[in-house]
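Breakdown of the fold
Here's the letter readout for the chains.
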Amino acid sequence: MPNIMQLLPEIDGEEMMYLQNMLKDYSDQQAQQFAMMYRTRRRDPQTILLVTLVGFLGIAGIQRFMTDQIGMGILYFFTAGLCFIGTIVDLINHKKIAIEYNQTQAQQIAMMVKSST
Amino acid sequence: MPHLRRILGQLPLELMFWVAALVYLAAINPDGNGLPSFCVLKALGITFCPGCGLGSSISHALHGEFVISLRHHPLGLFALIVITHRVFTLTTFLFKSIPHQPMKGYTNA
(Lines give C-alpha, C1' and ligand atoms only; values in the text may rest on other atoms or scores of the structure.)
Protein backbone atom coordinates (compact mmCIF):
# COMPACT_ATOMS: atom_id res chain seq x y z
CA MET A 1 0.00 0.00 0.00
CA PRO A 2 1.56 3.27 -1.07
CA ASN A 3 2.50 5.76 1.57
CA ILE A 4 1.01 9.18 0.86
CA MET A 5 3.27 10.88 3.36
CA GLN A 6 6.27 9.80 1.34
CA LEU A 7 4.81 10.41 -2.09
CA LEU A 8 3.13 13.74 -1.40
CA PRO A 9 4.57 15.09 1.83
CA GLU A 10 3.06 18.54 1.41
CA ILE A 11 -0.47 17.19 1.81
CA ASP A 12 -2.14 16.70 5.16
CA GLY A 13 -5.49 16.39 6.86
CA GLU A 14 -8.65 15.56 5.00
CA GLU A 15 -6.90 15.57 1.64
CA MET A 16 -4.33 13.06 2.76
CA MET A 17 -6.96 10.71 4.17
CA TYR A 18 -8.94 10.89 0.98
CA LEU A 19 -5.90 10.06 -1.14
CA GLN A 20 -4.78 7.28 1.18
CA ASN A 21 -8.15 5.66 0.75
CA MET A 22 -8.15 6.16 -2.97
CA LEU A 23 -4.70 4.75 -3.61
CA LYS A 24 -5.11 1.77 -1.30
CA ASP A 25 -4.82 -0.85 -4.03
CA TYR A 26 -2.36 0.93 -6.26
CA SER A 27 1.00 -0.52 -7.13
CA ASP A 28 4.02 1.61 -6.34
CA GLN A 29 4.40 2.51 -9.99
CA GLN A 30 0.77 3.54 -10.33
CA ALA A 31 0.97 5.55 -7.15
CA GLN A 32 4.02 7.41 -8.37
CA GLN A 33 2.38 8.14 -11.67
CA PHE A 34 -0.66 9.41 -9.84
CA ALA A 35 1.39 11.55 -7.50
CA MET A 36 3.27 13.16 -10.36
CA MET A 37 0.11 14.15 -12.19
CA TYR A 38 -1.75 15.14 -9.05
CA ARG A 39 1.00 17.45 -7.96
CA THR A 40 0.84 19.47 -11.16
CA ARG A 41 -2.92 19.90 -11.03
CA ARG A 42 -3.50 20.36 -7.36
CA ARG A 43 -4.51 23.74 -5.90
CA ASP A 44 -2.96 24.53 -2.58
CA PRO A 45 -5.52 25.88 -0.05
CA GLN A 46 -3.15 28.66 0.88
CA THR A 47 -2.98 29.84 -2.73
CA ILE A 48 -6.75 29.86 -2.89
CA LEU A 49 -6.85 31.90 0.30
CA LEU A 50 -4.41 34.46 -1.03
CA VAL A 51 -6.12 34.97 -4.37
CA THR A 52 -9.44 35.27 -2.56
CA LEU A 53 -7.95 38.10 -0.54
CA VAL A 54 -7.01 39.85 -3.78
CA GLY A 55 -10.76 40.13 -4.25
CA PHE A 56 -10.82 42.78 -1.57
CA LEU A 57 -8.46 44.86 -3.67
CA GLY A 58 -10.82 44.94 -6.60
CA ILE A 59 -10.08 41.88 -8.72
CA ALA A 60 -12.51 39.30 -7.43
CA GLY A 61 -13.08 35.76 -8.54
CA ILE A 62 -9.56 34.53 -9.24
CA GLN A 63 -10.12 31.67 -6.83
CA ARG A 64 -13.12 30.62 -8.88
CA PHE A 65 -11.19 30.72 -12.14
CA MET A 66 -8.46 28.66 -10.56
CA THR A 67 -10.92 25.95 -9.63
CA ASP A 68 -12.52 25.75 -13.04
CA GLN A 69 -15.70 27.65 -12.13
CA ILE A 70 -15.67 30.06 -15.02
CA GLY A 71 -19.28 31.22 -14.72
CA MET A 72 -18.87 32.06 -11.05
CA GLY A 73 -15.54 33.70 -11.81
CA ILE A 74 -17.06 36.01 -14.39
CA LEU A 75 -19.89 36.84 -12.01
CA TYR A 76 -17.47 37.69 -9.22
CA PHE A 77 -15.24 39.66 -11.54
CA PHE A 78 -17.94 42.00 -12.77
CA THR A 79 -19.73 42.45 -9.47
CA ALA A 80 -16.77 42.99 -7.14
CA GLY A 81 -17.26 39.53 -5.70
CA LEU A 82 -21.01 39.96 -5.35
CA CYS A 83 -20.50 43.18 -3.44
CA PHE A 84 -17.72 41.49 -1.44
CA ILE A 85 -20.19 39.07 0.08
CA GLY A 86 -19.03 36.29 -2.21
CA THR A 87 -15.43 37.09 -1.42
CA ILE A 88 -16.11 36.85 2.30
CA VAL A 89 -17.90 33.53 1.90
CA ASP A 90 -15.01 32.19 -0.15
CA LEU A 91 -12.56 33.45 2.43
CA ILE A 92 -14.21 31.40 5.16
CA ASN A 93 -14.67 28.45 2.85
CA HIS A 94 -11.36 28.52 0.99
CA LYS A 95 -10.16 25.16 2.20
CA LYS A 96 -13.27 23.39 1.02
CA ILE A 97 -13.05 25.07 -2.35
CA ALA A 98 -9.49 23.82 -2.81
CA ILE A 99 -10.20 20.33 -1.51
CA GLU A 100 -13.27 19.82 -3.67
CA TYR A 101 -11.40 20.85 -6.78
CA ASN A 102 -8.47 18.60 -5.85
CA GLN A 103 -10.78 15.65 -5.29
CA THR A 104 -12.36 16.06 -8.71
CA GLN A 105 -8.91 16.20 -10.26
CA ALA A 106 -7.83 13.15 -8.26
CA GLN A 107 -10.74 11.15 -9.61
CA GLN A 108 -9.92 12.11 -13.18
CA ILE A 109 -6.26 11.25 -12.73
CA ALA A 110 -7.19 7.94 -11.12
CA MET A 111 -9.22 6.99 -14.17
CA MET A 112 -6.32 7.84 -16.45
CA VAL A 113 -3.80 5.92 -14.38
CA LYS A 114 -6.02 2.89 -14.12
CA SER A 115 -6.73 2.78 -17.81
CA SER A 116 -3.13 3.14 -18.91
CA THR A 117 -1.63 0.34 -16.82
CA MET B 1 -15.75 21.01 22.26
CA PRO B 2 -14.03 18.92 19.59
CA HIS B 3 -17.31 17.35 18.48
CA LEU B 4 -18.89 20.69 17.70
CA ARG B 5 -15.85 21.75 15.74
CA ARG B 6 -15.98 18.57 13.67
CA ILE B 7 -19.66 18.97 12.86
CA LEU B 8 -19.19 22.62 11.93
CA GLY B 9 -16.31 21.67 9.69
CA GLN B 10 -18.41 19.23 7.75
CA LEU B 11 -21.40 21.50 7.16
CA PRO B 12 -21.64 22.53 3.52
CA LEU B 13 -21.18 26.21 4.29
CA GLU B 14 -21.23 27.54 0.77
CA LEU B 15 -24.25 25.47 -0.20
CA MET B 16 -26.20 26.67 2.86
CA PHE B 17 -25.26 30.23 2.10
CA TRP B 18 -26.47 30.19 -1.51
CA VAL B 19 -29.66 28.33 -0.64
CA ALA B 20 -30.40 30.75 2.19
CA ALA B 21 -29.74 33.72 -0.11
CA LEU B 22 -31.97 32.38 -2.89
CA VAL B 23 -34.77 31.49 -0.47
CA TYR B 24 -34.56 34.95 1.09
CA LEU B 25 -34.61 36.70 -2.29
CA ALA B 26 -37.52 34.57 -3.46
CA ALA B 27 -39.49 35.22 -0.29
CA ILE B 28 -39.20 39.01 -0.07
CA ASN B 29 -41.00 41.54 -2.20
CA PRO B 30 -38.20 43.31 -4.07
CA ASP B 31 -40.23 46.48 -4.45
CA GLY B 32 -40.78 46.72 -0.75
CA ASN B 33 -39.43 49.57 1.34
CA GLY B 34 -37.20 49.24 4.31
CA LEU B 35 -35.45 46.09 3.19
CA PRO B 36 -31.96 45.72 4.61
CA SER B 37 -29.13 46.29 2.20
CA PHE B 38 -26.38 43.74 2.32
CA CYS B 39 -23.89 45.76 0.39
CA VAL B 40 -20.69 46.20 2.38
CA LEU B 41 -19.61 49.21 0.36
CA LYS B 42 -22.84 51.02 0.97
CA ALA B 43 -22.45 50.46 4.68
CA LEU B 44 -19.03 52.07 4.46
CA GLY B 45 -20.43 55.05 2.58
CA ILE B 46 -18.92 54.31 -0.83
CA THR B 47 -21.49 55.03 -3.51
CA PHE B 48 -19.94 53.23 -6.44
CA CYS B 49 -20.37 49.46 -6.37
CA PRO B 50 -20.43 47.38 -9.55
CA GLY B 51 -22.57 44.83 -7.83
CA CYS B 52 -25.28 47.17 -6.65
CA GLY B 53 -28.77 46.19 -7.56
CA LEU B 54 -27.88 42.52 -7.78
CA GLY B 55 -30.07 41.55 -4.85
CA SER B 56 -33.11 43.29 -6.26
CA SER B 57 -32.28 42.00 -9.71
CA ILE B 58 -32.12 38.36 -8.64
CA SER B 59 -35.24 38.78 -6.54
CA HIS B 60 -37.18 40.16 -9.48
CA ALA B 61 -35.91 37.32 -11.67
CA LEU B 62 -37.09 34.80 -9.09
CA HIS B 63 -40.51 36.39 -9.26
CA GLY B 64 -40.54 36.10 -13.02
CA GLU B 65 -40.11 39.83 -13.72
CA PHE B 66 -37.16 39.56 -16.03
CA VAL B 67 -37.29 42.99 -17.62
CA ILE B 68 -37.32 44.72 -14.23
CA SER B 69 -34.55 42.36 -13.19
CA LEU B 70 -32.32 43.51 -16.04
CA ARG B 71 -33.05 47.13 -15.19
CA HIS B 72 -31.73 46.73 -11.65
CA HIS B 73 -28.59 44.95 -12.79
CA PRO B 74 -27.65 43.53 -16.20
CA LEU B 75 -26.14 40.37 -14.76
CA GLY B 76 -29.03 39.45 -12.49
CA LEU B 77 -30.35 36.60 -14.60
CA PHE B 78 -26.85 35.38 -15.34
CA ALA B 79 -26.12 35.42 -11.61
CA LEU B 80 -29.24 33.41 -10.89
CA ILE B 81 -28.31 30.77 -13.45
CA VAL B 82 -24.73 30.54 -12.27
CA ILE B 83 -25.65 30.35 -8.60
CA THR B 84 -28.34 27.74 -9.22
CA HIS B 85 -25.83 25.65 -11.14
CA ARG B 86 -23.40 26.00 -8.27
CA VAL B 87 -26.06 24.81 -5.84
CA PHE B 88 -26.59 21.72 -7.99
CA THR B 89 -22.87 21.00 -8.19
CA LEU B 90 -22.43 21.36 -4.44
CA THR B 91 -25.43 19.16 -3.74
CA THR B 92 -24.20 16.35 -5.95
CA PHE B 93 -20.80 16.66 -4.33
CA LEU B 94 -22.47 16.29 -0.95
CA PHE B 95 -24.20 13.08 -1.97
CA LYS B 96 -21.07 11.65 -3.51
CA SER B 97 -18.97 11.96 -0.42
CA ILE B 98 -21.36 10.70 2.24
CA PRO B 99 -20.67 7.51 3.19
CA HIS B 100 -17.42 6.08 1.88
CA GLN B 101 -18.27 3.22 -0.37
CA PRO B 102 -16.48 -0.04 0.27
CA MET B 103 -13.67 -0.59 -2.22
CA LYS B 104 -14.50 -2.72 -5.21
CA GLY B 105 -13.41 -6.28 -4.78
CA TYR B 106 -13.74 -6.12 -1.02
CA THR B 107 -14.79 -9.46 0.34
CA ASN B 108 -15.34 -10.82 3.78
CA ALA B 109 -12.42 -13.11 4.34
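1. Some thoughts on the overall build of chain A
Helix and strand content of chain A: 9 helices and 0 strands. Listing each helix as α and each strand as β along chain A from the N terminus yields α-α-α-α-α-α-α-α-α. For chain A, the C-alpha atoms occupy an extent of roughly 50 × 25 × 15 Å along the three principal directions. Of all 117 residues assigned to chain A, the portion counted as buried reaches 49%.

2. Some points on the packing of aromatic side chains
All told, the structure shown has 5 aromatic pairs over all chains when counted by the stated rule. Between A:Phe34 and A:Tyr38, the aromatic rings sit 5.5 Å apart at their centres with planes inclined by 15 degrees, giving stacked as the arrangement. Taken together, the positions of A:Phe34 and A:Tyr38, both in helix H3 (residues 28-41) and 4 residues apart, correspond to about one turn of that helix. Each member of the pair, A:Phe34 as well as A:Tyr38, is classed as buried. When the ring of B:Phe17 is compared with that of B:Trp18, the centres are 5.2 Å apart and the planes differ by 65 degrees; the resulting orientation is edge-to-face. For B:Trp18, a relative accessible area of 2% puts it in the buried group. Clustering of aromatic rings is evident, with ring pairs tying together A:Tyr26, A:Phe34 and A:Tyr38. Taking NZ or CZ as reference, A:Lys114 lies 4.6 Å from the ring centre of A:Tyr26, over its face.

3. Concerning the interface of chain B and chain A
Of the residues lining the interface, 28 residues belong to chain B; the matching set on chain A comes to 26 residues. Counting across the chain B and chain A interface gives 1 salt bridge. Across the pair A:Arg64 and B:Glu14 runs a salt bridge, and its minimum N-O distance is 2.8 Å. Per-element tally for the side of chain B that touches chain A: the top contributor is helix H6 (residues 76-97) of chain B, with 7 residues.

4. Focus: helix H6 (residues 70-78) of chain A
Residues and elements named next belong to chain A. By the burial criterion, the buried members of H6 are Met72, Gly73, Leu75 and Tyr76. For H6, the angular spread of buried residues about the axis comes to 165 degrees, placing them on one side. Ala80 lies just past H6 and shows a positive phi near 50 degrees.

5. Comments concerning the side chain of A:Arg42
Residue and element names in this part refer to chain A. Mapped onto the elements of the fold, Arg42 is located in the loop between H3 and helix H4 (45-54). A distance of 3.4 Å separates a polar atom in the side chain of Arg42 from a polar atom in the side chain of Asp44. Apart from residues no more than four positions distant in its own chain, Arg42 is found in contact with Glu10, Ile11, Glu15 and Asn102.

6. With respect to unusual backbone geometry
Excluding glycine, residues mostly carry a negative phi; peptide bonds, for their part, are mostly trans. Residue and element names in this part refer to chain A. Phi is positive for Asp68, close to 65 degrees, though the residue is something other than glycine. Inspection of the secondary structure assignment puts Asp68 in the loop between helix H5 (62-66) and H6. For Asp68, a relative accessible area of 57% corresponds to the exposed category. Phi angles above zero are rare outside glycine, and Cys83 is one such case at about 55 degrees. Mapped onto the fold, Cys83 is located in helix H7 (residues 80-83).

Parameters at a glance
- Residues numbered from 1 in each chain as written.
- Chains lettered and ligands numbered in written order.
- Predicted model: local features only at pLDDT ≥ 70, side-chain atom pairs only at ≥ 80, totals over all residues.
- Heavy atoms only, no water.
- Helix = DSSP H or I, 4+ residues; strand = E, 2+ residues; numbered from the N terminus.
- Buried < 20%, exposed > 50% of the residue type's maximum accessible area, 1.4 Å probe, protein only.
- Phe/Tyr/Trp six-rings, centres within 6.5 Å; stacked < 30°, edge-to-face > 60°.
- Lys NZ or Arg CZ within 6 Å of the ring centre and 35° of its normal.
- Contact = heavy atoms within 4.5 Å.
- Salt bridge = Lys/Arg side-chain N within 4 Å of Asp/Glu carboxyl O.
- Arc of directions from axis to C-beta.
- Polar contact = N/O pair within 3.5 Å; in protein donor to acceptor, adjacent residues only side chain to side chain.

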